[in-house]
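Observations on the model geometry
What follows is each chain in one-letter form.
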Amino acid sequence: MVTNDIFILAIESSCDETSASVIADGKVLNNIVATQSVHEKYGGVVPELASRAHQENLIPVVQEAISTSGISKSHLSAIAFTRGPGLMGSLLVGVSFAKAFAYSLNIPLIEVNHMNAHILAHFIEDPKPNFPFICLTVSGGHTQLVLVKNHLTMEVIGETQDDAVGEAFDKTAKLLGLPYPGGPLIDKYAKLGNPKAFQFPITRMPELNYSFSGIKTAVLYFLRDQLKENPKFIEENLADLCASVQYSLVEMLLIKLKLAVKQYGVKEVAIAGGVSANSGLRDTLTKLAKEKGWNLYIPKFEYCTDNAAMIAMAAHYKYLKGEFSSMDVTPLAKMKI
């Protein structure tokens, strides 16, 4: 097969999903993901176990990504990888493999910022946002408001000062006795509950910043007091508790988003990251966008959580600009947009 197309293999290994994807001239051909279940019994991601699972899963997902793309490795134009942010051990697995593979094929390396990639997931399929747009990026480790000026130029205009909203979901779920990952379970039970059943504090931070640590503490003390009176309080009120917590967290997110849209005069709005899969956030934001006249962009569920397709899309735009990495590149646990 003779081709002049730009084929990029992308690798994502920042946390507990091992993923590989092949992109051809900006069109994602596949998105192979191996999810790690080993962490469930520990109530959270165990970094050492995540690293070992990446070592086991990486070659099989890469092989599948190449074989299902319809090309051979000899047609690859570059190898892309997540440099950060993420778990250092997990990143090392992906970075080391990408460097070795690119070296063996004598093709360029492309480093990708995981958070930039979450935003660029919006360019995998239509409809695509117009520039500039504001993206609310919400995940287990990050909560940010980002002004996106073009594919490679982004500015963080607000962010959490402590816990990310994903952490708030998971920590609250743990207090309610729900297994890890708790965020999706809160979403599930919230659909059956009354969001106004219980009131939890709406933290208000200066400017466009967030704080989510307070709601976890508020829920902790609230449950402590209620359980003294009724040991079955959680069991009897689980749906209402989940709905009330979710309502408060979504309110906090959207208060700042509304302020950002007004402040910057931008009506192109997007959400990205794992928590953007939350149905309460999606539904409330969809209604808000309709009321405010915003053009709203929400990625498919498969592109919300960590995946290599978004890494591939970010790499495509960096390839077009000739932004390649040297072979001495190292992973970064913390990496700013």
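Below or above, wherever it landed, is the structure these notes cover. (Residues numbered from 1 in each chain as written. Predicted model: local features only at pLDDT ≥ 70, side-chain atom pairs only at ≥ 80, totals over all residues. Heavy atoms only, no water.)

Next up on the list: helix α1 (residues 47–69). Owing to its 3.6 residues per turn, the α-helix aligns residues three or four sequence positions apart on the same side. When the terminal C-alpha atoms of α1 are compared, their 31 Å separation across 23 residues agrees well with the 33 Å that a helix rising 1.5 Å per residue should span. Taken as a whole, α1 has its buried residues at Ala50, Ser51, Ala53, His54, Leu58, Val61, Val62, Ala65, Ile66 and Ser69. Against the buried residues of α1 lie β1 (7–12), β2 (17–24), β4 (32–35) and α2 (88–105). One or two steps after α1, the chain reaches Gly70, where phi turns positive at roughly 85°. (Helix = DSSP H or I, 4+ residues; strand = E, 2+ residues; numbered from the N terminus. Expected span 1.5 Å × (residues − 1). Buried < 20%, exposed > 50% of the residue type's maximum accessible area, 1.4 Å probe, protein only. Contact = heavy atoms within 4.5 Å.)

Reading across the sheet, the five strands line up as β9-β8-β7-β10-β11 and stay open at both edges, with mixed pairing between neighbours. What marks the edges here is a single partner per strand, and that holds for β9 (153–159) and β11 (295–297). Here the strands of the sheet are splayed against their neighbours by 25° on average, with no regard to which way each runs. Bridge analysis of strand β7 (residues 133–138) against strand β8 (residues 143–150) gives six bridges, and the strand direction is antiparallel. When the sheet's bridge partners are listed, Leu136 is paired in β8 with Leu145. Across the sheet, helix α8 (residues 279–292) is in contact with β7, β10 (268–272) and β11; its angle to β11 comes to roughly 165°. (Pairing = 2+ DSSP bridges. Axes fitted to C-alpha atoms, helices over the stretch in contact; angles between N-to-C directions.)

Before going further, it helps to examine the environment of Gly274. Tracing the sequence through the fold places Gly274 in the loop between β10 and α8. Linking Gly274 and Phe198, residues 76 residues apart in sequence, is a C-alpha distance of 26 Å. In this structure Gly274 touches His118, Val138, Ser139, Cys304 and Thr305, once residues within four positions along its chain are discounted.

As for its position among the elements, Thr143 is in strand β8. In this structure Thr143 touches Thr137, Val138, Gly158, Glu159, Thr160, Ala164, Val165, Tyr210, Phe212 and Leu253, once residues within four positions along its chain are discounted.

For the rest of this paragraph, the subject is the layout of surface pockets. Reported here for the second largest pocket is a volume of approximately 420 Å³. Residue lining of the second largest pocket: 18 residues in total, with His142, Gln144, Glu159, Met335 and Lys336 positioned closest to the centre. At the level of elements, β8 and β9 are the ones that each hand at least two residues to the lining of the second largest pocket. Along the lines of polarity and charge, the residues of the lining of the second largest pocket split into seven nonpolar, five polar and six charged. (1 Å grid on protein atoms, 1.4 Å probe; cavity = no way out; pocket = protein on both sides within 12 Å on 5 of 7 lines; lining within 4 Å. Points joined across faces, edges and corners; volume = space filled by probe spheres on them. Nonpolar A, V, L, I, M, F, W, Y, C, P; charged D, E, K, R; others polar.)

Packed helix pairs are specified by the crossing angle of their axes together with the interaxial distance, meaning the distance between the axes. Packing of helix α4 (residues 165–175) against helix α5 (residues 182–190) brings their axes to within 7 Å, and their N-to-C directions diverge by 75°. In terms of their interaxial angle, α4 and α5 are classed as roughly perpendicular. Counted together, Phe169, Asp170, Thr172 and Ala173 of α4 and Gly182, Gly183 and Ile186 of α5 form the full contact between these two elements. Broken down by class, the residue content of the contact of α4 with α5 amounts to three nonpolar, three polar and one charged. (Parallel < 35°, antiparallel > 145°, perpendicular 65-115°, else oblique.)

Function cannot be read off these values alone, since they describe shape.
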